[in-house]
Amino acid sequence: MPSDDDQISSAELQLSESAEIGEASLDDKHRWSELASLINDAQEAYYGQDAPTISDAEYDGLMRELQDLEARFPQLRTPESPTQRVGAAQRITDFAPVTHLARLLSLDNVFNTQELVDWLTRTQRLLATADPSWLCEVKIDGLAVDLVYRDGRLTSAATRGDGRVGEDITPNVATIAGVPHLLQGEHIPALLEVRGEVFFPIEGFADLNASLVESGKAPFANPRNAAAGSLRQKNPAVTASRPLQMLVHGIGAYEGLDVRRQSQAYEFLAGWGFPTSPAYKVVNTTDEVLQYVSYYGEHRHDLKHEIDGVVVKVDELDRQIELGETSRAPRWAIAFKYPPEQVNTKLLDIQVNVGRTGRVTPFAVMEPVRVAGSTVSRATLHNAWEVARKGVLIGDTVVLRKAGDVIPEILGPVVELRDGTERSFVMPTHCPICGTELRPEKESDKDIRCPNSKSCPAQLAERLFGLASRQSFDIEALGWEGAKALLTSGVLSNEAGLFDLDAEQLIGVPLYTRAAKKTDPPEQVVDGRVLSASGHKLLANLQTAKDQPLWRVLVGLSIRHVGPSAARALAERFGSMDAIRSASVEELATTDGVGLIIAEAVAEWFTEPWHIDVVERWAKAGVRMADESAETGEGLQQTLAGLTVVVTGTLTGFTRDSAKEAIIVRGGKAASSVSRKTDFVVVGENAGSKADKAEELKLPILDEEGFVRLLESGPATEIGSLKQSQSIEG
């Protein structure tokens, strides 16, 4: 479903302009009726009950199909069509009706860059005056609210409703911190109608659902519905107990106010004490609009509230009046919708996975669904406590969220679609792989573990596979199937013998062999098989991996809590495996970025005899157990000490990981986003919005050659080069 601020009507003018108008068939008319009915039902569930039964993406698809149908057959388009009115519930509610002083319209939408460019071009063409300014702002996924102030005092607050009449929620809105009851400042108008969006902060959503489930109440499907449900409480004290926030983004009716631009209105609103979004920006060109859209496409998760797009408005109010509006949306504004990151799907089962440190993790098995550019069929549920906290049952329709590269997450169940066949998840008491009784590491732990770390097949395979990761030894030829094959064939009993592998042993693993040919040397043939190309590659990878730095070896040991950051810190301070092994808990804990929990885990790991065997066999096989600086006293110069560097785009001499490594080993911080705290931004081919942000903040920008010089000589040389370059250009 769209946010309450929005209904889908994307590119309808373009469709109707280009479509060949014909007579609708009986099938077309039946489909129109079906679509209208489905959309009306969805709107009732979404707006009237704050309990959507379909996802935004499904709703968008239905509305778009209806628009396309009406564009081809305009005779089907009636005033009652969902495309011609603001979406709203038609049922009677417990709240008194409030008539808005000025209509609170929805927004038309576009879904790709070309549609946005077409809208900007068409809007510009419709204006008789010079080029307009565009106000760009993020589209908050919350509940639209209309506030009315008379002589500076809040007199009413209402929902959008059908755009003309909403519901009176004044007592509830009055409990929201940040909503002024009495305006402050100068030139306060006699009458002021303010529009804004109430949202539930992402950070507090999981806690709210957990408290609802604990008290036997149904959880909310997502933060937007949590905001709507919280605002429609009969008891304002319930609303007050929830961390709702509001940002205002426009004005309706007003008296005694001289305002010429939308952006000027925002400045007035902020001056009177209203919470306004810091994310809006006024630009003058299509390219600048597209840059804004691209930036928040990458940074949409940096905000405290969810967004599903960007709104672009003509900034000048007189030009807004010139453009006018349709029956349901202004012609001077458009919403650019990002690809959906939330979809609905069926939770088929909850199973458990045994990880490399023995942690037993429930995960959701779902009907495959396309979201955020990939097909998802599984999502982690962390632990049994988290399953109960989310209130999900096996058989539920659930809201699945996948934010870019982030691991897919189930937000909550769609309770309204339950039919009684759903069942609760029961955490196993014994390891599903080796049968060992499961137990928490400590009494207070929410996680439970299989204590059979030495011989549990699941843990062995996960640990062996973990060694191949980019954050550990980076062994390209050792994948998940390879790890399992080495263990099931009996060639390895655990990870200790990995670096002892030779061609003769690998021939016993079918995955790494092929049928012998007559041209193969006889001495390489064993039982009609020879080592395949992947087998030779694995042996070569293993030889190279022996020279990885100490921190990667530490990651490969699968010590609880020791990831790349802690491993780097330990390696930098102690320099060798022997020094880490002999250090006390107190010494380990005082390492920057380590602390007591990690220190205890490291010290405890080295008390297990078979762990020591792994380290000693690796060392005997030639795996490096000390960094160069510890062995020779001459490590890399810390040319980037204290500096933050961002690399964006493609470099010819570095992969993303090797560029990051090059920065870190020289004492710098490899950041993923550009801010005023960034010292240098390295820009390669096909750089995105990070490069634009660097220019906007006037940060030092380097090409790949400059990056190499920075690594070798530090910042002084590069700053001098940049100043000289700027002087020449000037």
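Residues numbered from 1 in each chain as written. Predicted model: local features only at pLDDT ≥ 70, side-chain atom pairs only at ≥ 80, totals over all residues. Heavy atoms only, no water.

Looking now at the packing of aromatic side chains. Under the defined criterion, the tally for this structure stands at 13 aromatic pairs. Ring geometry for Tyr149 and Phe274: centres 5.2 Å apart, planes at 90 degrees, overall edge-to-face. In this pair, Tyr149 sits in strand β4 (residues 143-150) while Phe274 sits in the loop between α9 (262-271) and β9 (281-283), placing the two residues 125 residues apart along the sequence. Assigned by exposure class, Tyr149 and Phe274 land together as buried. Between the aromatic rings of Tyr292 and Tyr296, the centroid separation amounts to 4.9 Å while the plane-to-plane angle is 50 degrees, which identifies the pairing as tilted. Of the two residues, Tyr292 and Tyr296 are both situated in helix α10 (residues 286-299); the distance of 4 residues between them amounts to about one turn of the helix. Like Tyr292, the residue Tyr296 is buried in the burial classification. Here the basic side chain of Lys446 rests over the ring of Trp385, its NZ or CZ set 3.5 Å away from the ring centre. (Phe/Tyr/Trp six-rings, centres within 6.5 Å; stacked < 30°, edge-to-face > 60°. Helix = DSSP H or I, 4+ residues; strand = E, 2+ residues; numbered from the N terminus. Buried < 20%, exposed > 50% of the residue type's maximum accessible area, 1.4 Å probe, protein only. Lys NZ or Arg CZ within 6 Å of the ring centre and 35° of its normal.)

A separate point is the sheet that holds strand β22 (residues 680-683). Sheet architecture is open: 4 strands sit in the order β21-β20-β22-β23, paired in parallel fashion. Every other strand in the sheet has two partners, leaving β21 (669-671) and β23 (701-702) as the edge strands with one partner each. In this sheet, β21 lies alongside strand β20 (residues 644-648) in parallel orientation, the contact comprising 3 bridges. Paired with Thr644 across the two strands is Lys669, which belongs to β21. (Pairing = 2+ DSSP bridges.)

So, about the pairing of strand β14 (residues 374-380). Regular strands show a simple pattern: their side chains alternate between the two faces of the sheet. Here strand β13 (residues 359-371) pairs with β14 via 6 bridges, running antiparallel. Paired with Val369 across the two strands is Val376, which belongs to β14.

Attention now moves to the sheet that holds strand β2 (residues 109-110). The 5 strands are arranged β2-β11-β10-β3-β9 in an open sheet whose pairing can be described as mixed. A single partner strand is all that each edge strand has here, and the edge strands are β2 and β9. Bridge count between strand β10 (residues 307-314) and strand β11 (residues 333-337): 5 bridges; the pairing is antiparallel. When the sheet's bridge partners are listed, Val311 is paired in β11 with Ala335. On the sheet, α10 packs against β3 (134-140), β9, β10 and β11 and is oriented at approximately 20 degrees with respect to β3. (Contact = heavy atoms within 4.5 Å. Axes fitted to C-alpha atoms, helices over the stretch in contact; angles between N-to-C directions.)

Following the criterion strictly, the structure yields 33 salt bridges and no others. Salt-bridge contacts for Arg77 lead to Glu70; the nearest nitrogen and oxygen are separated by 3.6 Å. A relative accessible area of 0% means that Glu70 is categorised as buried. Taking the shortest distance from any N to any O, the salt bridge between Glu495 and Arg463 comes out at 2.7 Å. Residue Glu495 is located in the loop between α14 (480-488) and α15 (503-506), and its partner Arg463 is located in helix α13 (residues 457-467); the two are separated by 32 residues in the primary sequence. In the salt-bridge network here, residues are joined through shared partners; they are Asp207, Glu386, Arg389, Lys390 and Glu409. (Salt bridge = Lys/Arg side-chain N within 4 Å of Asp/Glu carboxyl O.)

Geometric values such as these leave the question of function open.
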